[in-house]
Amino acid sequence: MLDPDVAEDFLEEYSSGNLSSRDGWAPVDKVDLFFDKAEDAVGRQNGRIGRFFSKCADLLTFNRRNRPAPPEESRKVVLNDPEANKRFRTNYVSTAKYNYWNALPKFLYEQFVLRLANVYFLFVGILYCIDSISPVLTSSRYGQLISVAFIVTVSLIKEIVEDTRRHVEDRRINRLGTFALGPKGQISWAEVKVGDILKISKNDAVPADVILLHSSSEDGLAFVETKQLDGESNLKVKASLPDISEQFSEPEDGLTAEGFVESEPPNPRLHHYYGSITLVGKNEEGGPTGGATTYPLNSDNLLVRGCRLKQTNYVYALVVNTGLDTKLMRNMKPKPKKVSSTESKVNFLLIFPICLQVIIVTTLTILNAVNCADTQSAWYLELEDSCTPLDKFLRFFTFFCTFANLIPISLYVSIEVIRGFQVYFITGDRKTIAFEHKPPVRLEVRTSSLTDELGILTHLFSDKTGTLTANDMVFKKCFVAGETYQDADEPDGSNTGVKEMSARLWEARDELQHLRGNVSGEVRDLMQLRDFNYLLAICHSVVRDDGLYQASSPDEGALVETARKVGFEFVQRSNKMITLNVLGKLEEWPLLGVVEFNSKRKRMTVVAQSPHTGRVVVFCKGADTVIFSRIAAHENALPTTEALDQFAREGLRTLCLAYREISEGFFADWSRRWAEAQLDPNREEACEVLSDEIESELTLLGCTGIEDRLQDEVPGTLKDLERANVKVWVLTGDKQETAINIGLTCGLLQDGMDVVVINETTLEDAEAQLDKAFGRWSYLLRDGKDSRHMGLVVDGGTLEYVLNSPEAERKLVLLGKVAKTVIGCRVSPKQKADIVEMVRKHDPKAITAAVGDGANDVAMIQAAHVGIGIVGVEGLEAKLVSDFSVGQFRFLRRLILVHGRWCYKRLCKVICYIMYKNLLLVSNEFYFAFFNAFSGQPLFDPWVTAAYNVLVTSIPIVIIGAYDADVAARYALEFPEVYRRTQQRTALRNTVFLKWVLSGVWQGTVIFWFTQVVFGETLIHADGQVGGLYSFGVLVFTEVVLVAHGVLFVYQSSWNSLLIFVAALSLCMWFWIGPVYSSQLLAFDLGMTRNLLGVVPFAWSQGTTWLLFLATTIFCVVPGYTAKYVDRNYRPTGKNLVQELMKRGLTRKDILEEPEDDLRKPHQLPHFSRRDMEMPMTSYAFDALKDTVDKDYGSRTLGASNFSVQVENARRKSDSYLDGDRGMYFDRDGVIDERMPRNSNEGRRGHRRVHTDNSWGHNISDEEIWES
């Protein structure tokens, strides 16, 4: 009978070891059933038996505690009732991967279930231990198992080191202290429970998600720093509700309070929260009155685990979420599993040696069965009764062991070690350190398995703000009262400076607050200037800290600073009041309400009461599309619209400002309904309706323009990526004009380009314009226009329809292949991720990278093959989910063109070489089978083959994978074109792999038969001593080592002192290990290599053997060297030419004449093609195309009828691409000419061939469309 006390104590330690939320749990059907029974038991009796079953389920699933909890509609936290809150998680948190109970089974699961290669070699090692199967009966048979043990041990050490760091950090976090009211007093974070009321002091971190009950500040505000959550150092304002704060002003009040909190279920949304708190009223004696009051809660009342209290002496807060239920831990989701293309290719290529092994083993098994009778008749072999069906069947496994080395045991280990070296050198590159950050930011590799993926990128998806630009917002212009005001530091002749605005307001300071009513002229302008600056100083979330403004958005900081310069200085804020210094006079504006900004609303509203008139004023600022839809009908928005367009053309970030005055009665009624909406089950929808109500009938004040400067070297980086044939898609939420201007500034859009702009409101219109772009570009391409001079601009409205239509998606992807660049404007975060997934879906050969700096780029970064985070001022969200992080956009040039290319080339060379060297060795075993009566007897002792893979050939492989560089970094940057060949993945093509395989086969053939011809079946010494089987094997093995190193030296691209030393060390390794294997200590005393006792010195003792070694090596290595010499000198690639320039010390400037201002902003705008909104919405709008083409690309001598045929051909050409036809010819009447050959490159006069290859835009060999 199971004793629950003993069982529960036994598992108690396991209970306290909570596992990482990033590790998942093992889905085992039987464990699921067991787990369900455990939960039932807990639910029925809530006793020890039930808890025991639950803990057993934890153990069996490895990570039961991190299995997603059943979804909660809401959670109810009862004040001062520990029993009612007992069902919630503890605050103990572990991010470690292993604990004492699951370490061994989980590690073995990962090593032998998730890594099938280890299972394969373990299986081979076990076969070697079976006497009836093993081809070797000495202790050498254990060499395979020892090799597997060595590989698993290396992985084990790596896991131990990494997980120990996690455990140390977890222990430190869980032991941090905090103070709980009541008898608990000072406790650790791990002891905090739901329902506790904590006292959090200044500069302390918040241990759990807590509701702010009371603040030491009189206004109930608390300031927190969220640097640990989002990387932002600016302070955030939190507030306690006034009525609640009064009831928790003293510690005793909190301990005697009665009530409960209805909280939202645990979720990862850091900046979103809703709930309510219900408190039982008390009489004067402190007893309950029987009545209860419910107050709504939102994100302003929540302090999230990980934030730190600042500028506030202390707060009292109620714990609502603990441990893995906190928002911080819910955000610690596992990054999507990304497998590099190289690794996937390796898994595919391994099919060949596996099939080859099966064929060889099956063939030799059949030959063994056929030859069995002959060998059994040889009495001296003592093989009586060895031809039974069982013996013949077991010979299959004997051959399987002999040829197991066809699958390289060192392949995956070598790849992991090489990637470790690559990560070390990438992160240690001082030329990728952003010293402009304080402290300097280094390049980080967060996913080491994707280093080689950087070498084959085809698409780069980039955010704009903070990625291409510095996210350093500077106020440049504003439009108000019919006039444009420019920053005083850079005035021009057409605009008035901000200082002049300030001077006008200072002159009218005494009368300014008395200006009211419907006035005109200068008085009206003064009123608008006044209200404009009031809005800038009031409508924001800026916090003032020691005289400095700390803003969650750089835009807000710039606008508040501008208002201060004018004379409307923001002084401080509380949850009830905003204090301003207006033209030298202090003013206090009662703060009545705030409707926060979010990506869906795209606007922010602050409701305040004027101290001058007592009227309630609604200040609203946001995107132009949102504000214009909410202004009063009589408002004239045309001047502001023109100013917005002008600002956008200058590349400025625009914002519209408006306000409204309402009566106190209207606001009181609205405020009551707003409070009710906070408690509504459909809270978001109800609040949206009410916000629309108060944000209507607005009076338009004007707009602002803020400059976000480009980061250093962005145009040059984009130019080099273009030369490397990497397609750049810029996806931004800004206006279309702003996005286009950034494209011009960056050099993505240049003079002479044909840019198609698509803005549509229906799917039919969107597809029609995509079709039109096909026809237009088909016509221009056939006319000799270079595709590098074509661009595409699409807005978010069009993408909303395109991304919901597979056919429209395919058209957009095909257009993107042809265009030099694609710019998406008004794109939402979700659309960014959808665009990346669209390209991956419709272009399987595409390798995508996404780069961004903010939380709105997280989905895009995770959707791409490679995610790159920019460490900027928008926080660390992008960095935390990225695979690589850099300090500035310019470092992508070195990361991709240098390190990415090196990593890919090195890894491909290592993969091919490892397969080559194993085939070189194993092919000798195949030929030897014909001399051992197909018995399965190996030519090489297992200890020799183990040394070959682990010691003799492993070191140079690792060094090549870490140091080899076919093109120096300087020249890889000067000639980005060399990246194109790497991008085509030529280094690991099937043909390249086959060449290496065939090289291993034919060189192994030469080695075996040269040795056999020279020495026969055994080596005979001059004194008559016979070497035997293993002396022959030593000779062959020595030749294999020499040839393998010779080939490696031929294909080594660069040399330095370290590489020379390692090459010499590796080459000499066998000449040291061989005699050690033959020594008495190993061979006789330890019994490890008995077959090799004295064999190696005997085999090397004759001069003839050394002549054989030299002749065989030369015969095998010279053909490869000759082929490489011929290719380099008579069929050179672009890389070979660059290598010659490296030798001669020539640079790009020495051989190419390029305009110095190539990267500057173009003096002439590109030609923009956009459907006229007044034109009928037809599928093809070619009526005005002729004049446009003649004007921009030179006049043509085509007649009218011939031109219409050209247009129709272009239209049908785009249709044929989409329909997958093979090609058609049309005559002057537009009729298909069936007499013309469909795939001929020749046409007749009056006919035009329409190219319809499905690879259009991807096939660069088609001279009719592409310039090769």
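Residues numbered from 1 in each chain as written. Predicted model: local features only at pLDDT ≥ 70, side-chain atom pairs only at ≥ 80, totals over all residues. Heavy atoms only, no water.

Here is the rule: UniProt positions are given in the numbering used here, feature names are shortened, and annotations may be inferred rather than shown by experiment.
Under an unreviewed UniProt entry, the protein has the name Phospholipid-transporting ATPase and belongs to Rhodosorus marinus. Quoted verbatim from the Catalytic activity (unreviewed entry) field of UniProt, the annotation for the protein is "ATP + H2O + phospholipidSide 1 = ADP + phosphate + phospholipidSide 2." Quoted straight from UniProt, the Sequence similarities (unreviewed entry) entry for the protein says "Belongs to the cation transport ATPase (P-type) (TC 3.A.3) family. Type IV subfamily."

### Regarding a nonpolar patch on the surface
The following threshold applies: Every patch collects residues that have over 30% relative accessible area and no salt bridge, joining them within 9 Å if they carry like charges and within 5 Å if they are nonpolar side chains (Val, Leu, Ile, Met, Phe, Trp, Tyr). Each accessible area value is a Shrake-Rupley result obtained with a 1.4 Å probe; residue values ignore everything except the protein chains displayed when judging cover. The working definition used for a salt bridge is a side-chain nitrogen of Lys or Arg within 4 Å of a carboxyl oxygen of Asp or Glu. Going along the chain from the N terminus, every DSSP run of H or I of four or more residues is numbered as a helix, and every run of E of two or more is numbered as a strand. Only protein chains enter the accessibility calculation, which uses a 1.4 Å probe; a residue is then buried when its area is under 20% of its type maximum, exposed when over 50%, and partly exposed in between.
A cluster of nonpolar side chains, Tyr109, Val113 and Leu114, forms an exposed patch at the surface whose accessible area comes to about 280 Å². Along the chain, the position of Leu114 falls in the loop between helix H5 (103-112) and helix H6 (116-128). The exposed category is assigned to Leu114, whose relative accessible area is 56%.

### Quick word on the UniProt feature "binding site: Mg(2+)" (unreviewed entry) in the protein
In plain terms, the rule: Pairs of N or O atoms are called polar contacts if they sit within 3.5 Å, as long as, within protein, a hydrogen donor faces a hydrogen acceptor (for residues adjacent in sequence, only side-chain-to-side-chain pairs).
Annotation from UniProt places "binding site: Mg(2+)" (unreviewed entry) at Asp463, Thr465, Asp853 and Asp857. For the residues just named, distributed over 395 residues, the greatest C-alpha separation is only 10.6 Å, placing them together at one site. Here Thr465 lies in the loop between strand E15 (459-462) and strand E16 (469-480). There is a polar contact of 3.4 Å between the side chain of Thr465 and the side chain of Lys464. Exposure remark for Asp853: the relative accessible area of 0% places this residue in the buried category.

### Focus on the nonpolar core
Definition in use: Among the buried residues, those of types Ala, Val, Leu, Ile, Met, Phe, Trp, Tyr and Cys that are joined through side-chain atoms within 4.5 Å form a nonpolar core.
The biggest cluster of nonpolar side chains holds 125 residues, and the ones touching the most others in it are Ile868, Leu892, Leu895, Trp1070 and Tyr1077. Formed by 47 residues, the second largest nonpolar core is a distinct cluster that contains Phe475, Cys478, Leu505 and Leu583.

### Section: the packing of aromatic side chains
For clarity, the threshold we go by: When two rings of Phe, Tyr or Trp (its six-membered ring) have centres within 6.5 Å they constitute a pair, described as stacked for plane angles under 30 degrees, edge-to-face for angles over 60, and tilted for the intermediate range.
Applying the stated criterion across every chain, the model contains 40 aromatic pairs. Plain terms: the ring middles of Tyr120 and Phe121 are 5.0 Å apart, the flat faces sit at 85° to each other, and that makes the pair edge-to-face. Each member of the pair, Tyr120 as well as Phe121, is classed as buried. Ring geometry for Phe1010 against Phe1115: centres 5.4 Å apart, planes inclined by 45°, an arrangement best described as tilted. Here Phe1115 lies in helix H42 (residues 1103-1130) and Phe1010 lies in helix H37 (residues 990-1015), a separation of 105 residues in the sequence. A relative accessible area of 44% means that Phe1115 is categorised as partly exposed. Pairwise contacts between aromatic rings join Phe926, Tyr927, Phe930, Phe931, Phe934, Phe1008, Trp1009 and Phe1032 into one cluster.

### Here's the deal with the pairing of strand E3 (residues 185-188)
Convention followed: Any two strands between which DSSP finds at least two bridges are classified as paired.
Relative to E3, strand E2 (residues 177-180) is paired through 4 bridges, and the arrangement is antiparallel. Paired with Thr178 across the bridge in E3 is Ile187.

### Overview of the environment of Val304
Of note, Val304 is situated in the loop between strand E11 (302-303) and strand E12 (308-310). Taking the C-alpha atoms as reference points, Val304 and Thr226, separated by 78 residues in sequence, lie 8.7 Å from one another.

### Notes on the environment of Gly1120
Threshold: Working rule for contacts: check all heavy atoms of both residues, and any pair within 4.5 Å makes them a contact.
Mapped onto the elements, Gly1120 comes out in helix H42. Residues Gly1120 and Val1050, spaced 70 residues apart in sequence, show a C-alpha to C-alpha distance of 7.7 Å. If sequence neighbours within four positions are ignored, Gly1120 has contacts with Val1050 and Tyr1051.

### Observations concerning the sheet that holds E11
Read across the sheet, 6 strands follow the order E3-E2-E4-E13-E5-E11 without closing on themselves; strand pairing throughout is antiparallel. With one partner strand each, in any of the chains shown, E3 and E11 form the two edges of the open sheet.

### A closer look at the state of the cysteines
Each disulfide is one covalent bond, formed between the sulfur atoms of two cysteines. Definition in use: Throughout, a disulfide means two cysteine sulfur atoms within 2.5 Å of one another.
With the rule as written, the count across this model stands at 0 disulfides. Among the cysteines around Cys908, which has no disulfide bond, Cys912 carries the closest sulfur, lying 6.7 Å off. The exposure class of Cys908 is buried, given its relative accessible area of 1%.

### Focus on helix H23 (residues 683-694)
Every α-helix carries 3.6 residues per turn, so stepping three or four residues along brings you back to the same face. Here is the rule: To estimate the expected span of a helix, subtract one from its residue number and multiply by 1.5 Å. To be clear, the arc concerns the directions from the helix axis to the C-beta atoms.
Between its first and last C-alpha, H23 extends 17 Å over 12 residues, near the 16 Å set by a 1.5 Å rise per residue. Along H23, the residues classified as buried are Arg683, Cys687, Leu690, Ser691 and Ile694. All buried residues of H23 fall inside an arc of 100° around its axis, so they share one side.

### Quick word on the packing of helix H32 (residues 891-928) against helix H33 (residues 942-952)
Our working definition: An axis is simply a line fitted to the C-alpha atoms; with a helix, the fit covers only the stretch in contact. Between two such axes, the angle follows the N-to-C directions and lies from 0 to 180 degrees. Roughly parallel means an angle under 35 degrees; roughly antiparallel, over 145; roughly perpendicular, 65 to 115; everything else is oblique. Crossing handedness: left-handed means the near helix sits turned counterclockwise from the far one by under a right angle, and right-handed means the same turn made clockwise. Classification convention: Asp, Glu, Lys, Arg as charged; Ala, Val, Leu, Ile, Met, Phe, Trp, Tyr, Cys, Pro as nonpolar; all other residues, Gly among them, as polar.
At a minimum axis distance of 11 Å, the contact between H32 and H33 shows a crossing angle of 165°. In terms of axis orientation, H32 runs roughly antiparallel to H33. In this structure, H32 meets H33 at a crossing whose hand is right-handed. Residue-level inspection shows Lys917, Asn918 and Leu921 of H32 in contact with H33, the latter providing Thr945, Tyr948 and Asn949. Here the residues of the contact of H32 with H33 are counted per class, giving 2 nonpolar, 3 polar and 1 charged.

### Observations concerning the side chain of Lys464
One can find Lys464 in the loop between E15 and E16. On the basis of relative accessibility, which here comes to 2%, the residue Lys464 falls in the buried class.

### Observations concerning the pairing of strand E8 (residues 259-263)
The side chains of a regular strand alternate, first on one face of the sheet and then on the other. Because side chains alternate across E8, one face comprises the buried residues Gly259, Val261 and Ser263, and the other comprises Phe260 and Glu262, none of which is buried. Judged from the 4 bridges that link them, strand E1 (residues 75-78) and E8 form a sheet pairing that is antiparallel. Its bridge partner lying in E8, Arg75 is registered against Ser263. Here 5 bridges tie E8 to strand E9 (residues 274-282), and the two strands are oriented antiparallel to one another. Note that in E9 the partner of Phe260 across the bridge is Thr278.

### Describing the confidence of the model for the protein
Rules: A score between 0 and 100, pLDDT records how confident the predictor is in each residue.
On average, residues of the protein carry a pLDDT of 78, and 80% of them reach 70 or more. Low pLDDT (under 50) marks residues 1172-1268, which in the prediction has 159 contacts with non-local residues, meaning those over four places away or in another chain.

### Quick notes on the environment of Glu561
Its location among the elements puts Glu561 in helix H19 (residues 554-566). Residue classification places Glu561 among the partly exposed positions, given a relative accessible area of 25%. Sequence separation between Glu561 and Ala537 is 24 residues; the distance between their C-alpha atoms is 8.6 Å.

### Digging into unusual backbone geometry
Of note, the phi angle at Leu583 is positive, near 50°, even though the residue is not glycine. Looking at where Leu583 falls in the secondary structure, it is placed in the loop between strand E22 (577-582) and strand E23 (585-595). What makes Leu583 buried here is its relative accessible area of 2%. Notably, Glu713 is not glycine yet its phi reads approximately 65°, a positive angle. Within the secondary structure layout, Glu713 lies in the loop between strand E27 (699-710) and helix H24 (714-723).

### Focus: helix H43 (residues 1134-1144)
Looking at H43, one finds that the buried residues are Asn1136, Val1138, Gln1139 and Leu1141. Looking at the buried residues of H43, the elements they touch are helix H35 (969-974), helix H36 (978-983), H42 and helix H44 (1148-1151). Looking one or two residues past H43, Gly1145 carries a phi angle of roughly 75°, positive in sign.

### Here's the deal with the pattern of salt bridges
In this structure the tally under the stated criterion is 56 salt bridges. Residues Lys1135 and Asp966 are paired through a salt bridge, measuring 3.7 Å at the closest nitrogen-oxygen approach. Here Asp966 lies in the loop between helix H34 (954-963) and H35 and Lys1135 lies in helix H43, a separation of 169 residues in the sequence. For Asp966, a relative accessible area of 7% gives the class buried.

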